[in-house]
Amino acid sequence: WREPVQLSLAPLKRASRVALRTINLYCMCAAHCGVPLPGLVDEIRRFYDSMVAYKQHTVLAIFGPMAQGLANCAGQADDPTVLTGEFLNQDEAIRLSIENNNKTALTAIMMTLTEVLFYLDELEAAEARSEMARGAETSLRTALPLCLYHQMTVMVAMGQCRRDSSSQEHGVRYRRKRRLRFRRARRSWKELDRLAKNAPHTCLNKSYLVGAEIAFSKGHGGRGRGGRGRFWLDKAFSSYRVSISIAKKEGYLQDEAMACEGLAEALLSVGRIDEATSLYQRARDCYDQWG
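Residues numbered from 1 in each chain as written. Predicted model: local features only at pLDDT ≥ 70, side-chain atom pairs only at ≥ 80, totals over all residues. Heavy atoms only, no water.

Q: What's the story with the side chain of glutamine 151 in this structure? I'm lost.
A: Structurally, the position occupied by glutamine 151 is in helix H8 (residues 143–165). Excluding its chain neighbours within four sequence positions, the residues that come into contact with glutamine 151 are Leu192, Lys206, Leu209, Val210, Asp255 and Met258. (Helix = DSSP H or I, 4+ residues; strand = E, 2+ residues; numbered from the N terminus. Contact = heavy atoms within 4.5 Å.)

The following block contains the structure:
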């Protein structure tokens, strides 16, 4: 050390504060790059303790929901459908976000809930939370969170669309809901496609995935009759396969799993059982690797 050690204290303190403010970005990127969840949650636990010790309340309002969501996905919560556990109390966090008019924190809670509920196949609840996360487009400015928001918007809407089309009720209310879901899905796909042009390594596989979801939903149920339905299903098969290829190349395990699962469901709908079974197994292997 050529300079007095005391001169390094202020810069080091500033650096530690910057690190605490940006660690949520590291954890979010790690979670969506296929880093195994159990080890990542252990890392998060150490970061969380430091944030609490240094009273980083603003960062914790954003970090807490994501941390708890990952813990839920890793099976470390009593009720995985609720963001209450080691890192967050859902009801208290929502109350404080509303009282403080903290739209960014409230959006983070609703986005995380949407994603967790989607993975748990609770599509109706996920759709309700997705509606409440619509502030993401104005409160989030970076590519990855916006990609995830638009991706989940489409995945939930189209999943619910296909589930409803399999039921016996196809009245006016069903058709109105279907139109609204498709309108919202197309809008999110357009935004995701725009993001993919600027950040292809982050967003391109997601753009192909949601495009496949929309095409599959058009070829399923009401629009799935005759040659037109077959056109949309073939388009879905192609887009799912491209998404799987890119996700595998980029290391997005959960995106690869979702694309494999979607393609399996689409193949199963036309009776291609052996191919569907193989893809379901591949999706399960990806989820197992993720943790």
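Q: Please clarify how the nonpolar core should be interpreted in this entry.
A: Across soluble globular proteins, nonpolar side chains have a tendency to be buried as a group. Counting 63 residues, the largest nonpolar core has Ile44, Phe63, Leu70 and Tyr240 as the members making the most contacts within it. Residue contributions to this core peak at 9 residues, all from helix H12 (residues 253–269). Apart from the residues within four sequence positions on either side, leucine 70 is in contact with Cys27, Ala31, Leu37, Leu40, Val41 and Ile44. Counting residues in hydrophobic clusters, the runner-up holds 15 residues, among them Ala157, Ala185, Val210 and Ile214. (Core = buried A, V, L, I, M, F, W, Y, C linked by side-chain atoms within 4.5 Å. Buried < 20%, exposed > 50% of the residue type's maximum accessible area, 1.4 Å probe, protein only.)

Q: Just checking my understanding: could you explain the state of the cysteines for this structure?
A: Simply put, the disulfide is a covalent bond whose two ends are the sulfur atoms of two cysteines. For the structure shown, the criterion picks out 1 disulfide. With no disulfide partner, cysteine 27 has as its closest neighbouring cysteine sulfur the one in cysteine 29, 9.4 Å distant. Relative accessible area serves as the criterion here: at 0%, cysteine 27 is assigned to the buried category. (Disulfide = S-S within 2.5 Å.)

Q: Got a minute to help me understand the layout of surface pockets in this structure?
A: The method is simple in principle: a probe with the dimensions of a water molecule rolls over the atoms, and the space it marks as empty is what remains. There is about 540 Å³ of room inside the second largest pocket. At the level of elements, helix H3 (57–73), helix H5 (103–119), H8, H12 and helix H13 (273–290) are the ones that each hand at least two residues to the lining of the second largest pocket. Grouping the amino acids of the lining of the second largest pocket by side-chain chemistry returns 13 nonpolar, 4 polar and 6 charged. (1 Å grid on protein atoms, 1.4 Å probe; cavity = no way out; pocket = protein on both sides within 12 Å on 5 of 7 lines; lining within 4 Å. Points joined across faces, edges and corners; volume = space filled by probe spheres on them. Nonpolar A, V, L, I, M, F, W, Y, C, P; charged D, E, K, R; others polar.)

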